[in-house]
Amino acid sequence: TRDTSSLDEDSAAEGETAEISQRITRSRQRKSNRGSVHGMSEKSREAVQWVHKIPNWAKPLMSSGFNLLDVAFRIISILYLPAVVAEMLVGGTKLILSMVIARVVRKMPIARQKWCGAGIMVVGLVLVACSDFVSDNESSESFGLGVLFVMLKVIMGVSKDMVQELFIQESDYSATLLLGM
């Protein structure tokens with residue numbers, strides 16, 4: 001048999017559990033108003049209706065074409081810039097451009113903290129580019145071409161990622177067909 005003090009503890013624990021459960025539910029409800037964690041919101045679906053106008057046979061060609069140009073521009077950029085600098089510029093710029101494209105094309109809300117992080121990333125990228133430019137003994141033309149090819153590589157990479165994401169999510173295109181498997 002149990003004494004009454006243990007019954008009071010059990011009911012108190014159940015009350016705390018119920019309160020925690022309610023807090024989690026309220027938190028999830030607040031987060032659900034911001035848009036989906038994955039997939040596309042209705043606003044995003046409306047913004048990308050042009051995807052349905054592209055014929056199915058052209059979708060893998062678009063993805064492959066962006067991928068081919070992505071790789072080509074990466075290789076060319078390494079010819080003009082040190083590989084470490086090129087990779088730092090590519091990684092940072094791709095993150096920033098992906099965020100901007102998600103906002104502009106898909107109309108996704110971007111949190112203020114992410115915009116602040118992007119600003120810090122821009123400062124870092126400028127410092128990396130300037131340090132390489134100052135310490136490099138080669139011409140500014142070589143550096144300029146390297147940065148140009150880095151930017152082209154980033155644009156092709158982000159375009160490829162966005163196209164694949166839209167084709168898979170919005171037009172129910174098979175991922176294995178799109179990725180060439």
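Residues numbered from 1 in each chain as written. Predicted model: local features only at pLDDT ≥ 70, side-chain atom pairs only at ≥ 80, totals over all residues. Heavy atoms only, no water.

(A) Geometry of the overall build of the chain. Counting its regular elements, the chain contains seven helices and zero strands. Helices (α) and strands (β) of the chain occur, in sequence order from the N terminus, as α-α-α-α-α-α-α. Counting the 181 residues in the chain, one finds 28% classified as buried. The long-range share in the chain, meaning contacts at least 24 apart out of those at least 6 apart in sequence, stands at 78%. Carbon and sulfur atoms make up 62% of the accessible area of the chain, which amounts to about 12,000 Å² in all. (Helix = DSSP H or I, 4+ residues; strand = E, 2+ residues; numbered from the N terminus. Buried < 20%, exposed > 50% of the residue type's maximum accessible area, 1.4 Å probe, protein only. Contact = heavy atoms within 4.5 Å. Areas by Shrake-Rupley, 256 points an atom, 1.4 Å probe, with all protein chains shown as cover.)

(B) View of the packing of aromatic side chains. Taken as a whole and judged by the stated rule, the model has two aromatic pairs. Ring geometry for Tyr80 and Phe149: centres 5.8 Å apart, planes at 20 degrees, overall stacked. Residue Tyr80 is found in helix α3 (residues 58-80), and its partner Phe149 is found in helix α6 (residues 140-170); the two are separated by 69 residues along the sequence. Through pairs of rings, three or more aromatic residues link up here, namely Phe73, Tyr80 and Phe149. (Phe/Tyr/Trp six-rings, centres within 6.5 Å; stacked < 30°, edge-to-face > 60°.)

(C) Seen up close, the side chain of Lys153. For Lys153, the location among the structural elements is in helix α6. Relative accessible area serves as the criterion here: at 1%, Lys153 is assigned to the buried category. If we skip the residues at most four places from it in the chain, Lys153 touches Asp70, Phe73, Arg74 and Val90.

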